[in-house]
Amino acid sequence: MPFLGQDWRSPGQSWVKTADGWTRFLDEKSGGFVGDISSFCKKDDHNKENLFNSVNYDVAAKKRKKDLLNNKAKTQYFHQEKWIYVHKGSTKERHGYCTLGEAFNRLDFSSAILDSRRFNYVVRLLELIAKSQLTSLSGIAQKNYMNILEKVVQKVLEDQQNIRLIRELLQTLYTSLCTLVQRVGKSVLVGNINMWVHRMESILHWQQQLNNIQITRPAFKGTTLTDLPLCLQLNIMQRLSDGRDLVSLGQVAPDLQVLSEDRLLWKKLCQYHFTDRQIRKRLILSDKGQLDWKKMYFKLIRCYPRKEQYGDTLQLCRHCHILSWKGTDHPCTANNPETCSTSLSPQEFINLFRF
């Protein structure tokens, strides 16, 4: 049975011993969080800024101050390592096993987000954890998760890059938390409900900051993208792996709008992300009787996952079961360590810790 401190109960809760055991009752007059959180998460988007204004914060000032102090702590509780040993069971030589939370704490993800090759990989990993694995993290790992997320947001605000990517991440996390806080009392989240309410407030604040970003045109009078020959412009656009980026680029100038509608461009994009069998199941003809590759692409991404591509990934050594970033040396005992390493996608990293 876990240790329960003196402030383990949420406001407005009372426990009565019955023949079937201890039963929780809610006092409606006290305005506890348990009865209010469900209504917070059902608000419309245009009322987001007033989402938490109706919350009754009738909690002792000392307790509230303690919760916020614990939430704002930025101390790293684990020594950051370049590699970790992944063991899934106890043996005579080693006791215990490695969990997702332990790997998340010990691997240096804080430094990884500063590397442009690893940024998208870490963001995708944070999104997968927010969707389904947040409750599997320990309390320290959950705090570390929020600290890393804050660093990601600050980096985006400074660089003004990957804005849409982080918006989607924050929206996914907020939606998951709205679902989880309604199940308070079922031990799905570690920590006091006040702390998670404060974290949800932080997410709304970050979303507002991202929405207020104003990207200014640089004072550069040299050669621009539209000054290049059309073949080079089309070649650059073929390097984009997201159709939404193509649409955004086409909105910059009329000439780019014409290039962004090129059928061959969208055909290559569909063939890059999806198999021939998937494409044949989602054929769409235009008014001219030709395949409309642009509409097919946006229909395919709603039905199938896109191909993921990252500049740098985590890798697992099959010989010694060591997890590390690419290019990181580890004490491998194999004769050919290069042939033993396997690159892991973010989803494969999550699956590695499912026992």
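Residues numbered from 1 in each chain as written. Predicted model: local features only at pLDDT ≥ 70, side-chain atom pairs only at ≥ 80, totals over all residues. Heavy atoms only, no water.

Trainee: Describe the sheet that holds strand β3 (residues 83-85), listing the residues and the values that go with them.
Mentor: Read across the open sheet, the 4 strands follow the order β3-β5-β4-β6; overall the sheet is antiparallel. The two strands at the open ends of the sheet, each matched to only one other strand, are β3 and β6 (341-344). The sheet shows a mean angle of 25° between the axes of neighbouring strands, direction not considered. Bridge count between strand β4 (residues 314-317) and β6: 4 bridges; the pairing is antiparallel. Residue Leu314 lies in a different strand from β6, and its bridge partner there is Leu344. (Pairing = 2+ DSSP bridges. Helix = DSSP H or I, 4+ residues; strand = E, 2+ residues; numbered from the N terminus. Axes fitted to C-alpha atoms, helices over the stretch in contact; angles between N-to-C directions.)

Trainee: Give me the lowdown on the confidence of the model for the chain, citing residues and values where you can.
Mentor: Close reading of the predicted structure is inappropriate where its pLDDT is low. Here the chain averages 77 in pLDDT, while 74% of its residues score no lower than 70. The low-confidence segment residues 48-62 (pLDDT under 50) makes 26 contacts with residues lying over four places distant or belonging to another chain. (pLDDT = per-residue confidence, 0-100. Contact = heavy atoms within 4.5 Å.)

Trainee: Give me the lowdown on the pairing of β4, citing residues and values where you can.
Mentor: Of the two faces of β4, the one lined by Leu314 and Leu316 and the one lined by Gln315 and Cys317 are each fully buried. As defined by bridge partners, β4 adjoins strand β5 (residues 322-325) across 4 bridges and the pair is classed as antiparallel. Along β5, the bridge assignment pairs Leu316 with Leu323. Here β4 hands over to β5 after 4 residues, with His321 in that stretch at a positive phi of 60°. (Buried < 20%, exposed > 50% of the residue type's maximum accessible area, 1.4 Å probe, protein only.)

Trainee: Can you lay out the pattern of salt bridges for me, pointing to particular residues and giving the numbers?
Mentor: Inspection of the entire model under this criterion finds 14 salt bridges. Here Arg117 and Asp115 are joined by a salt bridge, their closest N and O atoms 2.9 Å apart. Its relative accessible area of 47% is what places Arg117 among the partly exposed residues. Residue Arg124 pairs with Glu308 through a salt bridge whose shortest N-O separation is 3.1 Å. Of the two residues, Arg124 sits in helix α5 (residues 116-133) while Glu308 sits in the loop between α14 (293-303) and β4, which places them 184 residues apart along the sequence. By relative accessible area, Arg124 is classed as partly exposed at 22%. The exposure class assigned to Glu308 is partly exposed, which follows from its relative accessible area of 37%. Taken together, the salt bridges that share partners define one network made up of Arg164, Glu168, Asp242, Arg244, Asp245 and Arg306. (Salt bridge = Lys/Arg side-chain N within 4 Å of Asp/Glu carboxyl O.)

Trainee: Can you tell me about the pairing of β5, naming the residues and giving the values?
Mentor: Here β5 shows two buried faces, one formed by Ile322 and Ser324 and the other by Leu323 and Trp325. Direction of pairing for β3 relative to β5: antiparallel, over a ladder of 3 bridges. Paired with Trp83 across the bridge in β5 is Ser324.

Trainee: Explain the packing of helix α10 (residues 243-250) against α14 residue by residue, including any values.
Mentor: Direction vectors running N to C along α10 and α14 enclose 135°, while the axes themselves pass 11 Å from each other. As the angle between them shows, α10 and α14 are arranged oblique. Contact residues: Gly243, Arg244 and Val247 in α10; Lys294, Tyr297 and Phe298 in α14. Each residue belonging to the contact of α10 with α14 can be placed in one class, and the counts come to 3 nonpolar, 1 polar and 2 charged. (Parallel < 35°, antiparallel > 145°, perpendicular 65-115°, else oblique. Nonpolar A, V, L, I, M, F, W, Y, C, P; charged D, E, K, R; others polar.)

Trainee: Which residues make up the environment of Ala253, and what values do they have?
Mentor: Structurally, Ala253 is set in the loop between α10 and α11 (254-260). Residue classification places Ala253 among the buried positions, given a relative accessible area of 17%. Each C-alpha atom, one on Ala253 and one on Thr226, is 8.0 Å from the other, the two residues being 27 residues apart in sequence.

Trainee: I'd like a description of the packing of α5 against helix α6 (residues 139-159), backed by residues and values.
Mentor: Contact geometry for α5 and α6: axes closest at 12 Å, N-to-C directions at 135°. With respect to their mutual orientation, α5 and α6 come out oblique. Both α5 and α6 take part in a crossing whose hand is left-handed. Between α5 and α6, the contacting residues are Phe119, Val123, Leu126, Ile129 and Ala130 on the first element and Tyr145, Ile148, Val152, Lys155 and Val156 on the second. For the contact of α5 with α6, the per-class residue count stands at 9 nonpolar, no polar and 1 charged. (Left-handed = near helix turned anticlockwise from the far one by under 90°.)

Trainee: Go over the nonpolar core, please, and point to the residues and values.
Mentor: By size, the foremost hydrophobic cluster in this structure holds 60 residues, and its most contacted members are Phe109, Tyr145, Ile166, Leu173, Leu323, Phe349 and Phe353. With 10 residues, the top contributor of residues to this core is helix α7 (residues 163-181). Other than its neighbours up to four places away in sequence, Tyr145 contacts Phe104, Leu126, Ile129, Ala130, Leu134, Leu137, Leu169 and Leu173. (Core = buried A, V, L, I, M, F, W, Y, C linked by side-chain atoms within 4.5 Å.)

Trainee: Now, about the layout of surface pockets: what can you tell me, with residues and values included?
Mentor: Empty space within the largest pocket amounts to approximately 1,300 Å³. What lines the largest pocket is a set of 34 residues, among which Asn120, Leu165, Asp242, Arg244 and Arg306 lie closest to the centre. Counting only elements with at least two residues in the lining of the largest pocket, the list comes to α5, α7, α10 and α12 (263-273). Per-element accounting of the lining of the largest pocket gives the leading share, 7 residues, to α5. Two domains each put at least three residues into the lining of the largest pocket: domain 1 (98-212) and domain 2 (242-301). (1 Å grid on protein atoms, 1.4 Å probe; cavity = no way out; pocket = protein on both sides within 12 Å on 5 of 7 lines; lining within 4 Å. Points joined across faces, edges and corners; volume = space filled by probe spheres on them. Domains from an automatic or database assignment.)

Trainee: Could you give an account of the packing of aromatic side chains, with specific residues and numbers?
Mentor: The full count for this structure, using the stated rule, is 11 aromatic pairs. Seen in terms of ring centroids, Phe109 and Trp325 are 6.0 Å apart; in terms of plane orientation they differ by 75°. Their pairing is edge-to-face. With Phe109 in helix α4 (residues 109-112) and Trp325 in strand β5, this residue pair connects regions lying 216 residues apart in the sequence. Neither Phe109 nor Trp325 differs from the other in exposure class; each is buried. (Phe/Tyr/Trp six-rings, centres within 6.5 Å; stacked < 30°, edge-to-face > 60°.)

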